[in-house]
Amino acid sequence: MATPIRKSVELFYDVVSPYSWLAFEVMCRYQQKWNIDLKLRPFFLSGIMQGAGFHQPGPSKASYMGKDLKRQTDMYKVPFKMPRNPAEVILIKGSLNAGRFLTAVDMNCDQYLEELTRQLFLRVYYRDEDITEPASLMSAAAKAGIPEDLAKQLLSTIKDQAVKDRLRETTQAALDHGAFGSPTIVAHVDGKPQMFFGSDRMELMAHMLGEKWYGPLPELAKAKM
């Protein structure tokens, strides 16, 4: 019997998006169960919102999202606490420096990308800590196991044109797939890209990939409180 061909799955995400954290943790668990190659693709959510003509959710939807996130994080066993001022975190402070730092890591030493992403999510959506200042990014890098000298070198490149261009290209690639928010997951099935939005389409994606959905798989969780 021929060996099944591994399928490619791209996870486009921004660490300022709480639903992206859910999708990230679930996909990191399932890359150990499914016959897939998972590619983490940090992008810039503000660029997606602008490119897709996105409008901010009204108060009813915002209230619902808070309750929905609590239900989903409980189910998936992802440590989560909403920041005291989520509007400031998402709309004012943003994630540009974090996105560029992740991009620099992806370009130069991608073996650290998964854990650095996790540490940035933990800073925002568990400890309510900053992800915009250099010291904040260095702290996340240290927890991700990146040597200090390397982290400093990578941080020094976040304003380089090559890093800016890569982040812009990744954001545009997501838009080209039809992205309108974060997370956006693109599964390549039979030579065709299949786009899924959000963290609640995992069972459907499993079906499209010809894989089995096993539920939250908390025993494979890597996020530590």
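What counts as what
- Here the residue index of a chain counts from 1 through its sequence in written order.
- Under the rules for a predicted model, residues below a pLDDT of 70 receive no local features and side-chain atom pairs below 80 are neither given nor counted, while totals for whole chains, interfaces and linings still include all residues.
- Where side-chain values are given, they derive from all heavy atoms of the structure, hydrogens and water being excluded.
- Throughout this description, the term salt bridge denotes a Lys or Arg side-chain nitrogen within 4 Å of a carboxyl oxygen of Asp or Glu.
- Helix and strand definitions here come from DSSP, where helices need a minimum of 4 consecutive H or I residues and strands a minimum of 2 consecutive E residues; each element is numbered from the N-terminal end.
- With a 1.4 Å probe rolled over the protein chains alone, any residue whose accessible area is under 20% of its type maximum counts as buried; one over 50% counts as exposed, and the rest are partly exposed.
- Pairs of strands are assigned from DSSP output, requiring at least two bridges between the strands.
- Simply put, an axis is a line fit to the C-alpha atoms, just over the touching stretch for a helix, and the angle between two N-to-C directions goes from 0 to 180 degrees.
- For this classification, under 35 degrees means roughly parallel, over 145 means roughly antiparallel, 65 to 115 means roughly perpendicular, and everything else is oblique.
- Each crossing gets its hand from how the near helix is turned against the far one by less than a right angle, where anticlockwise is left-handed and clockwise is right-handed.
- Working rule for contacts: check all heavy atoms of both residues, and any pair within 4.5 Å makes them a contact.
- Polar here means any residue outside two lists: the nonpolar Ala, Val, Leu, Ile, Met, Phe, Trp, Tyr, Cys and Pro, and the charged Asp, Glu, Lys and Arg; Gly therefore counts as polar.

**Q** Looking at this structure, I do not really get the pattern of salt bridges. What am I missing?
**A** Pairs can form between side chains of opposite charge whenever their charged atoms are close. A full pass over the atoms with the stated rule returns 16 salt bridges. Salt-bridge contacts for K70 lead to D74; the nearest nitrogen and oxygen are separated by 2.6 Å. With K70 and D74 both in helix α3 (residues 59-76), this residue pair falls four residues apart, about one helical turn. In this structure D74 comes out as partly exposed when scored by relative accessible area, which is 40%. Taken together, the salt bridges that share partners define one network made up of E25, E114, E115, R118 and K222.

**Q** Whenever I open this one, the environment of Y64 confuses me. Can you help?
**A** Inspection of the secondary structure assignment puts Y64 in helix α3. Sequence separation between Y64 and F12 is 52 residues; the distance between their C-alpha atoms is 24 Å.

**Q** Explanation requested: unusual backbone geometry in the structure shown.
**A** Backbone phi values are negative for most residues with the exception of glycine, while trans is the configuration of most peptide bonds. Omega for the peptide link from S182 to P183 comes to 10 degrees, which places this bond in the cis form. In this structure, D128 is a non-glycine residue whose phi angle is positive, near 55 degrees. Take D128: it is sitting in the loop between α6 (113-125) and α7 (134-143). For D128, a relative accessible area of 26% corresponds to the partly exposed category. Positive phi, close to 55 degrees, is recorded for D190, a residue that is not glycine. Structurally, D190 is set in the loop between β3 (184-189) and β4 (192-197). You can call D190 exposed: its relative accessible area is 72%.

**Q** Sorry, what's going on with the sheet that holds β3 here?
**A** Within the open sheet, the four strands sit side by side as β2-β1-β3-β4. Their pairing is mixed. One side of each edge strand has no neighbouring strand; the edge strands of this open sheet are β2 (36-42) and β4. Here the strands of the sheet are splayed against their neighbours by 20 degrees on average, with no regard to which way each runs.

**Q** How should the packing of α6 against α7 be read in this particular structure?
**A** Helix-helix packing is described using two parameters, namely the angle between the two axes and the distance between the axes. The N-to-C vectors of α6 and α7 enclose an angle of 125 degrees; their axes lie 8 Å apart at closest approach. Compared by their axis directions, α6 and α7 come out oblique. Judged by the twist between their axes, the crossing of α6 over α7 is right-handed. On α7, the residues touching E115, L116, Q119, L120 and R123 of α6 are S136, L137, S139, A140, A141 and K143. Residue composition of the contact of α6 with α7, grouped by class: five nonpolar, three polar and three charged.

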